[in-house]
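Spelled out from the first residue to the last, the chains are:
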Amino acid sequence: MAISDVPPQEYPDIVGALPEEPQAAAFRPFIPASVVLPELTVGPLILGTLLGIVFGASSLYLVLKVGLTVSASIPVAVLSISIFGLLRALGLRGASILENNVVQTAGSAGESIAFGVGVTMPAIMILGFDLEITRVMLVAVLGGLLGILMMIPLRRALIVQQHGLLKYPEGTACAEVLKAGANAEERAIAARAAALAGEAPAAEEAAATGAQAIFTGFGIGFIYYTAMKVFYLWKDVPEKVFKKPFEAGSVSVEINPALLGVGYIIGPRIASIMCAGGVLAYLVLIPAIKYFGGVATGVIPPGTMPISKMAPNDIRSAYVLYIGAGAVAAGGIISLFRSLPTIWHGLKGGLADFRSRNGAQAGAGILRTDQDLSLKLVAGGIVALIAVIMIVPQLHLQWNLLGALLIVLFGFLFVTVSSRLTGEIGSSSNPISGMTVATLLLTCLIFLIVGWTGPTYYVTALSIGAIVCIAASNGGTTSQDLKTGFLVGSTPRNQQIAILFGALASALVLGPILLVLNNAATVYVPLTDPAGHITAAGYAPDVRVDPATLATLRTEKLQGPQAKTDQATYHSWQKTDAVGGPAGRYLVNDAGVPVYLVDPGINGTHPLRPDGTKVTKYDAPKATLMSYIIKGILNRQLPWGLVLLGVMISIVLEMSGIPSLAFAVGVYLPLSSSSPIFIGGAVRWLVDKYTAKKFAGQRLTEEQLTAEGDKSPGVLMASGYIAGGAIAGILIAISQGWLTDFDARMVKTMASNPFFAGGWSDLLALIPFAVLTVLLYLAGREAILGHRSAR
C-alpha cells in the first residue's frame, strides 16, 4: 500500500497537511511542525502524573536505601504506549505519539525530585532537628519548579542550536521508544515526510515486549517482596557471622528485588566497586576493630560500651559509620574537583548559549515545535518562588537577602551546568551530588565569614543546598525531556506545562511518603528505669530540661506499635549538642526528664524496638555527607580521627585510579545492601557478554552496544523489579502501625518454617532469590519476554 493511501483514521486531514515539496532543513522531527496531533490532553497528563508519583516513590525508597536512583523516562514511555494501546484495542481512543511524550515528560519529574529530597532532607534529623512535613514539601515544590523555570530559557540554545553536539543519550533513547510505539497513521506521516526530504523511513519496532517486561517485573517484584516481608515465607537478610580467629567478620545479603534491579541497571563496574566498599567495612575494618579493641576493658569513644561486648553492627554504628561518612565526604569533594573542568566547560557554554538566545517567543509565524512558555511568565514565576522562599518560616530564610541571593546564584549556575552536562554525558553520570556539595561548602564558608555559626544556621544552610540540589536535578531532567520532544516533534510549551504539573504533584506527595517511611521505622528508645531515673548507657544521670521552658515545646504521644504500651503525653525536645548524651530529638516528661530518645527510621541506629521487634532502617548515605559538611564547618563537632581515616581511604583509592565515591558509599552502607547490587551487576555482565556476541557482525561501537542493552527486556524487567519491590516496601511501611498483631501472628506461625527460622534458613532463603536472579538473566538474554532481531 502506498503511503498516500493510508487512511488517517484517528487524525483526519493531517496527512494532507504535509508540505508537498521536499524540505531542506538541517533537522526533521518524526512528526513535522506543520502537523497538529492531540498533545496536552487531560488523560495523558493525569496518567503521566500518576506514573511520576509511582516511580518517584520507588526512587525515594532507593535513594534512602543506597543513595542511588534510576531513570524513569523509558519505563514510563513504555507503560504509556501499552496502556493507551490496550484502550485502543478495547475500542476506546488511544494516544498519539505526542500524548505519549506528554505522559513521559510529566512522569519523569518524580524521579529527579525524589533524588534531591532523599539526598538532602534526611540530613535535618542527623543535625538534630525534626523532619517537618511543611519544610519537606516546600523544599521539594520550590526546588522542583525553580529548576524547570530556570532551564526553559536555555532550551533553544541547548536543544536546538546544539543538536548533534549535545547527544542527550537518555532523551534520544526515549525518543526511539516513542517512535517504536507510533501507530500506523503516525508512521505514515513520518514516512511521507521522510520521502519528501529524500530520506529512508525509520524501521518499525514493537513496544509490546517492553511493556510485558516491565509489567512482569513489577508483578514479580511486588509479590516476592510481599511474600517475604508480610507473610515471612523466607528470611529477608541471610547472614553469616564468623567466630574466632576471624571474630566479628560477617557477610550478608538483603534479598530485595529492587536492589537486584538497581545492580542490573547501573552495570557491573559501579556495582562491584560499591560492594568492594562493603567488603572493606565488614570483612576488614569491623574484624580489625574487634581484634585490637576487644582487649580494652573500658569504653573507647565515640562508642558507649566496651568493644568486647559489641556485635558487628554495634561496631559499625559506633565507629565504621564515621569512617564511611568521611570517605563519602572526601569522595564527593574529590568528585567535585575532578568534575570542575567539565562543570566549567558546561558553565561557559551554557552562559554563552543564554546570551546568544534571540528571545523569539511563541506567536504568529513561530513554528509549533519552537513555541516556549513566555519569558515574562518564566521570569515572574522565578521571582514569585524566591519571594515564597523569603517569606515562609520553615526554611529559616525569612527576609534573608543573602540566602535568596545564594539560591538564585547557585541555582541558575548549576541548572545551567546540569542541563548542559546531561546533554554531554547523560543523566546517570551528571554529578548532581558534587554540585550540592559545592553549594553547601560555599554556603557554609560564607556563613562562617559573616559569623553565622552554630545549630541555628544548620537548617538555613541545608535549605539553600536542598533547593539548589532539586533545581539542578530537575533542570537536567527537563532538558532530557525537551530533547525527546524535539526529536519526535512535540510542542515545547506543552511539555513545559506537563513537567511543571508533574513536578508539583510529585513534590506534594513525596514529602508525606518520606515522613511515612521515617515514622514507620522510628524506635522510641527508653532512657529511664521504672523509678524515672536515667539509666541508659552514654547519658549523664542529671540531664534535664528547664521546666520553665517546657511550655514552649510542642507535645506529642508515641506513635506506632509502642503507643500501645505508653499512652502518656510528652514534650518534644530538640537536643543540638552532645553534652550529657547524643544530639537528637527526645520525649521529655513534665519534670523535664528525657524519657525516650526518638531514634528516626532514616539514619537511625537502633534496629530493634524494646520488645525485640525488628524494623527496617534507611541509611541515606548522601544525606549523611551533607550533614557532615554543615556540622563540620559551622560547629566542628565530629570525631575527626575516624572521619580522617575515611578521607584517607578515598585518597588511596583515587591514587590507585579507582572512583572513590562509589566505593565510599559501599563503606557507609551495610554489606547486605551492596551485595544484591553486586549480584545484579554480575547478571548484567553476563548479559552484556551475550549481547556483544549477538551483534558481533554489526560492528557496533561501545556506545551503540550500551544503547542496545539499555533498551533490552532485561533493563525493563529490572525497572519493574525496582518499582514492584519499592512500592511493596512503601505500602508495608504505611501499614505497619495497624498490622502489628498480624505481624506477630505470622512470625509465630512461621517459627517452624525452615526458610524463615532455624539453622538452615540463611541458606534456604537464597533459593527464591536465585529464581529471581535467573529470571532476570533470561529476560536480559531475551530467552523469555519476546525477541529482538540483531538488526
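Residues numbered from 1 in each chain as written. Predicted model: local features only at pLDDT ≥ 70, side-chain atom pairs only at ≥ 80, totals over all residues. Heavy atoms only, no water.

## A look at the overall build of the protein chain
Keep this limit in mind: Starting at the N terminus, helices and strands are each numbered in turn, a helix being any DSSP run of H or I of at least four residues and a strand any DSSP run of E of at least two. Each residue gets one of three labels from its accessible area relative to the maximum for its type: buried under 20%, exposed over 50%, partly exposed in between, using a 1.4 Å probe on protein chains only. Contacts were defined at the residue level, with two residues in contact if any of their heavy atoms lie within 4.5 Å. Note on areas: these come from Shrake-Rupley sampling with a 1.4 Å probe, and a residue is covered only by the protein chains present in the view.
When helices and strands are tallied, the protein chain shows 26 helices and seven strands. Every one of the 791 residues in the protein chain was classed for burial, and the buried ones make up 57%. A sequence separation of at least 24 residues applies to 78% of the contacts in the protein chain between residues at least 6 apart. Put simply, the protein chain shows about 31100 Å² of open surface, and 66% of that area lies on carbon and sulfur atoms.

## A look at helix 5 (residues 133–151)
Definition in use: Working rule for helices: expected span equals 1.5 Å times residues minus one.
Across its 19 residues, helix 5 extends 27 Å between first and last C-alpha, which sits within 8% of the 27 Å expected from 1.5 Å per residue. With 16 of its 19 residues buried, helix 5 lies for the most part within the structure.

## So, the environment of V543
Following the sequence through the fold, V543 ends up in the loop between strand 3 (523–526) and strand 4 (555–557). Between the C-alpha atom of V543 and that of P594, which follows or precedes it by 51 residues, the distance is 7.5 Å. Those residues in contact with V543, other than ones at most four positions away along the chain, are I534, W573, G580, G592 and P594.

## Structural notes on the environment of G592
Tracing the backbone shows G592 in the loop between strand 6 (584–588) and strand 7 (594–599). Residue contacts for G592: discarding those within four places in its chain leaves V543, R544, V545 and L550.

## Concerning empty space enclosed by the protein
Convention followed: Method remark: on a 1 Å grid restricted to protein atoms, a set of points is classed as a cavity if a 1.4 Å probe fits but cannot get out and as a pocket if it is open with protein on both sides within 12 Å along at least five of seven lines; lining residues have an atom within 4 Å of a point. Grid points are joined across faces, edges and corners, and a volume is the space filled by probe spheres set on the points. Asp, Glu, Lys and Arg are counted as charged, while Ala, Val, Leu, Ile, Met, Phe, Trp, Tyr, Cys and Pro are counted as nonpolar; the rest, among them Gly, fall into the polar class.
Using the criterion set out here, one finds three cavities of 30 Å³ or more in the structure. In terms of lining, the largest cavity is formed by F55, S58, S59, L62, V70, S71, A72, S719, I722 and A723. Among the elements of the structure, helix 1 (42–66) and helix 23 (713–735) are those that each provide at least two residues to the lining of the largest cavity. Of the voids in this model, the second largest cavity is the one considered here, and its volume is about 40 Å³. Residue lining of the second largest cavity: R155, I159, T369, L482, G485, F486, S490, P492 and Q495, and that is the complete set. Secondary structure elements with two or more residues in the lining of the second largest cavity: helix 6 (155–161), helix 16 (458–488) and helix 17 (492–520). By residue number, the principal contributor to the lining of the second largest cavity is helix 16, which donates three residues. Grouping the constituent residues of the lining of the second largest cavity by class yields four nonpolar, four polar and one charged.

## Topic: the side chain of S73
Assignment of secondary structure puts S73 in helix 2 (residues 73–89). Aside from chain neighbours lying at most four places away, what touches S73 is Q104, S108, C174 and D481.

## Looking at the confidence of the model for the protein chain
The following threshold applies: Every residue carries a pLDDT, the predictor's confidence in it, which falls somewhere between 0 and 100.
In the predicted model, the protein chain carries a mean pLDDT of 84, and 89% of its residues have values of at least 70. Below pLDDT 50 for its whole length, residues 358–364 participates in ten contacts with residues either more than four positions away or in separate chains.

## Things to note about the packing of aromatic side chains
Selection criterion: Think of it this way: a Phe, Tyr or Trp ring, Trp meaning its six-membered ring, pairs with another when their centres are within 6.5 Å, and the plane angle makes it stacked under 30 degrees, edge-to-face over 60, tilted otherwise.
In the structure shown here, the tally under the stated rule is 16 aromatic pairs. Consider the rings of F447 and Y457, whose centres lie 6.2 Å apart with planes at 70 degrees: the pair is edge-to-face. With F447 in helix 15 (residues 432–450) and Y457 in the loop between helix 15 and helix 16, this pair connects stretches of sequence that are ten residues apart. Residue classification places F447 among the buried residues on the basis of a relative accessible area of 0%. Under the relative-accessibility criterion, Y457 is labelled partly exposed at 24%. Between Y570 and Y596, the aromatic rings sit 5.7 Å apart at their centres with planes inclined by 85 degrees, giving edge-to-face as the arrangement. With a gap of 26 residues between them, Y570 in strand 5 (residues 569–575) and Y596 in strand 7 connect regions that are remote in the sequence. In textbook terms, an aromatic cluster arises when at least three aromatic residues are bridged by ring pairs, as seen for F447, W452 and Y457.

## Describing the pattern of salt bridges
Our working definition: Any Lys or Arg side-chain nitrogen located within 4 Å of an Asp or Glu carboxyl oxygen qualifies as a salt bridge.
Applying the stated rule across the entire model yields 16 salt bridges. The partner of D236 in a salt bridge is K229, with the nearest N and O atoms 2.8 Å apart. For the pair shown, D236 and K229 are each scored as buried. Residue D762 pairs with K235 through a salt bridge whose shortest N-O separation is 2.8 Å. Here D762, found in helix 25 (residues 761–764), pairs with K235, found in the loop between helix 9 (208–229) and strand 1 (239–241); they are 527 residues apart in sequence, far enough to count as distant. Within this structure, R155, R156, D370 and D372 form a network of salt bridges that share partners.

## Observations regarding a nonpolar patch on the surface
Rules: Distance thresholds for patches are 9 Å for like charges and 5 Å for nonpolar side chains (Val, Leu, Ile, Met, Phe, Trp, Tyr), applied to residues having over 30% relative accessible area and no salt bridge.
On the surface, V42, I46 and L50 cluster together into a nonpolar patch covering about 290 Å² of accessible area. With respect to the helices and strands, the residue L50 is situated in helix 1. Overall, L50 belongs to the partly exposed group, its relative accessible area being 48%.

## Notes on the pairing of strand 7
The condition that has to hold: Only when DSSP finds a minimum of two bridges between them are two strands counted as paired.
Strand 7 sits mainly inside the fold: six of its six residues count as buried. Relative to strand 7, strand 3 runs antiparallel, the two being bridged by four bridges. Each residue of the ladder has a partner; that of P526, found in strand 7, is Y596. In terms of strand pairing, strand 6 meets strand 7 through four bridges, oriented antiparallel.

## Focus: the packing of helix 10 (residues 257–266) against helix 23
Here is the rule we go by: Lines are fitted to the C-alpha atoms to define the axes, a helix being fitted only along its stretch in contact, and any angle between axes, read from their N-to-C directions, falls within 0 to 180 degrees. Throughout this description, any angle smaller than 35 degrees is read as roughly parallel, any larger than 145 degrees as roughly antiparallel, any in the 65 to 115 degree range as roughly perpendicular, and the remainder as oblique. Should the near helix be turned counterclockwise from the far one by less than a right angle, the crossing is left-handed, whereas a clockwise turn marks it as right-handed.
Running from amino to carboxyl end, helix 10 crosses helix 23 at an angle of 150 degrees, the nearest separation of the two axes being 7 Å. Judged by the inter-axis angle, helix 10 sits roughly antiparallel to helix 23. Of the two possible hands of crossing, helix 10 and helix 23 adopt the one that is left-handed. Together, P257, A258, L260, G261, V262, Y264 and I265 of helix 10 and G714, V715, A718, S719, Y721, I722, G725 and A726 of helix 23 make up the contact between the two elements.

## As for the environment of L62
Note that L62 resides in helix 1. Spatially, the C-alpha atoms of L62 and A723 are 9.8 Å apart, while their sequence positions differ by 661 residues.

## Concerning the sheet that holds strand 7
Spatially, five strands are ordered 3-7-6-5-4 in an open sheet, and the strand pairing comes out antiparallel. Only two strands of the sheet have a single partner each, and these edge strands are strand 3 and strand 4. With strand direction ignored, the average angle separating the axes of adjacent strands in the sheet is 40 degrees. Pairing between strand 5 and strand 6: five bridges, direction antiparallel.

## Considerations on the side chain of Q496
With respect to the secondary-structure elements, Q496 resides in helix 17. Judged by its relative accessible area of 0%, Q496 falls in the buried class.

## Focus: helix 19 (residues 640–655)
Selection rule: Comment: arc refers to directions from the helix axis out to C-beta atoms.
Taking 1.5 Å per residue as the helical rise, helix 19 with its 16 residues ought to reach 22 Å, and the 22 Å between its terminal C-alpha atoms agrees with that figure. Restricting attention to buried positions, one finds in helix 19 the residues L642, V643, G646, V647, I649, S650, L653 and E654. Down the axis of helix 19, the sector holding all buried residues measures 150 degrees, keeping them to one side. Across from the buried face of helix 19, at angles greater than 90 degrees, the exposed residues are G641, V652 and M655. Following helix 19 by one or two positions, G657 has its phi on the positive side, about 80 degrees.

## Here's the deal with the packing of helix 16 against helix 18 (residues 621–634)
The contact between helix 16 and helix 18 brings their axes to 10 Å, and the two run at 140 degrees. With respect to their mutual orientation, helix 16 and helix 18 come out oblique. Between helix 16 and helix 18 lies a crossing of right-handed hand. Of the residues in helix 18, those in contact with Y458, A461 and L462 of helix 16 are I630, K631 and L634. Residues that form the contact of helix 16 with helix 18 fall into these classes: five nonpolar, no polar and one charged.

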